[in-house]
Amino acid sequence: MKDFPLNKTGVSPLSRASKRGSILLFALVMVLVTAIIILQVQLKTQSQLQQSAFLFSKVRLQSSILSNAQLLLQRLADDDNLLVDHPSEAWAKPEDISDPTGISLKLSIHDAQQYFDLNNVYVSRPNLTTRKNAEILVDLFNMTGDFSPSEKIQSLLDWIDPDDEGFRESFFYEKKDPGYSCPNTWLSSMGELLWVNGFSPSYFERQKTLQAAETFNHSFEETFTIFPVKRNQAIKVNINSAPKHVLQSILGQSQEAFVDAVIAWRRDTPIQSLEKFNFQMSPSLLQDLNHYVDVKSSFFTLKATAYEAGHRVEVLALLHRSSQGDVEVIQWQM
Ligand SMILES: [Ca+2]
Ligand SMILES: [Ca+2]
């Protein structure tokens, strides 16, 4: 277990074997919501009543999101081709809903594997590849306007790898005030990065005001993601949804023409298989492609916003879909 105060989000240990489980998950959340409502009506003072009204509205909005999100989750589970995923598929259609109680909702599901998972920093590479992990990571950080990311990348590796051998292991963080240990396991969320050497609130603020050339002006959130799961091999980027700068960083800047061709191919029709490229690439470049790129996804993001009489609530959830099509929420951000 990690012994430092982590992010605001939690990884749900819930797992289940069938699609009915998602309904069970929502029922559980509804019980919690009801408990919170009962707590609210027990508050007594005037300021508490005002706060109570705000919290009551927040709970109502969250509750409406949870019940309406089932439609989109079911759509993701009902995808009739689990071997290929593309933003034109039915699950990616956003929904604007007005519920009977006057709450307005915007809900959408996005392919989370369009971005590069930072936990892939600690995954061994096959021998044939032309590009080392660190080279790919450096290119990706460069795309966000960070031109000196090497120490951050090494710090991420020490943060995740199981040993204590490195310059940014527990002995380094224990000297801080307050000190904390290096978790030596997979990153659980973007929030956790703030505990890793080299990252800080100002680092991410810098991203927002960056005036670098357009090529290197991509936001951190539109380049990287974090899937809080263990893996033996890289969790791949989906060639049908990844932005150009992500694909180009994986394959190398020399592959811009190829990446441009990919973007054109996939515009209207999904790329069905990477075999399409077998005769267009060197064997080593093909290894790079197959190690980090796929045509389907298992991780998705649910984004939801609910509005009511001046109150607004946003919910983000990380979803996992199994190879059989079972969908579960593995992380809430409320
Ligand atoms: Ca699909
Ligand atoms: Ca370590």
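Note that this is a predicted model, so its numbers are computed, not measured. All residue numbers here refer to positions counted from 1 along the written sequence of the relevant chain. Naming scheme: in the order in which they are written, chains are lettered from A and ligands are numbered from 1. Residue-level local features of this predicted model are given only where pLDDT is at least 70; pairs of side-chain atoms are given and counted only at 80 or more, and the full residue set underlies all totals for whole chains, interfaces and linings.

### Brief notes about the overall build of the chain
Across its full length, the chain carries nine helices and ten strands. The 334 residues of the chain split such that 30% are buried. Contact between two residues is assigned whenever their backbone-derived C-beta positions fall within 7 Å. Of all intrachain contacts in the chain linking residues separated by at least 6 positions in sequence, the fraction that spans at least 24 positions is 69%. The way it works is that DSSP assigns letters per residue, a run of H or I at least four long becomes a helix, a run of E at least two long becomes a strand, and they are numbered from the N terminus. Buried residues are those with 20 or more other C-beta atoms within 10 Å of their own C-beta, exposed residues have 12 or fewer, and partly exposed residues lie in between; C-beta atoms are placed from the backbone.

### Quick look at the environment of R75
Relative to the elements of secondary structure, R75 occurs in helix 2 (residues 46-77). Taking C-alpha positions, R75 is 9.9 Å from E89, a pair spaced 14 residues apart along the chain. Here R75 is in contact with A90 and W91, once residues within four sequence places are set aside.

### As for the environment of M334
Its location among the elements puts M334 in the segment after strand 10 (327-333). Take M334: there are 16 C-beta atoms within 10 Å of it, and that puts it in the partly exposed class. Taking the C-alpha atoms as reference, M334 lies 6.5 Å from L316; in sequence the two are 18 residues apart. In this view, M334 contacts Q62 and V315; residues no more than four positions away in its chain are not counted.

### Digging into the confidence of the model for the chain
Averaged over every residue, the pLDDT of the chain is 85; the share at 70 or more is 82%. Scored below 50 in pLDDT, residues 1-21 makes 39 contacts in the model with residues more than four places away or belonging to other chains. Here pLDDT means the predictor's own confidence in every residue, given as a number from 0 to 100.

### What to know about the pairing of strand 10
Following DSSP output, two strands are said to pair if at least two bridges run between them. The pairing of strand 9 (residues 311-321) with strand 10 spans six bridges and is classified as antiparallel. Paired with L318 across the strands is Q331, a residue of strand 10. The hairpin formed by strand 9 and strand 10 contains five residues between the paired strands, and G325 there has a positive phi angle of roughly 95 degrees.

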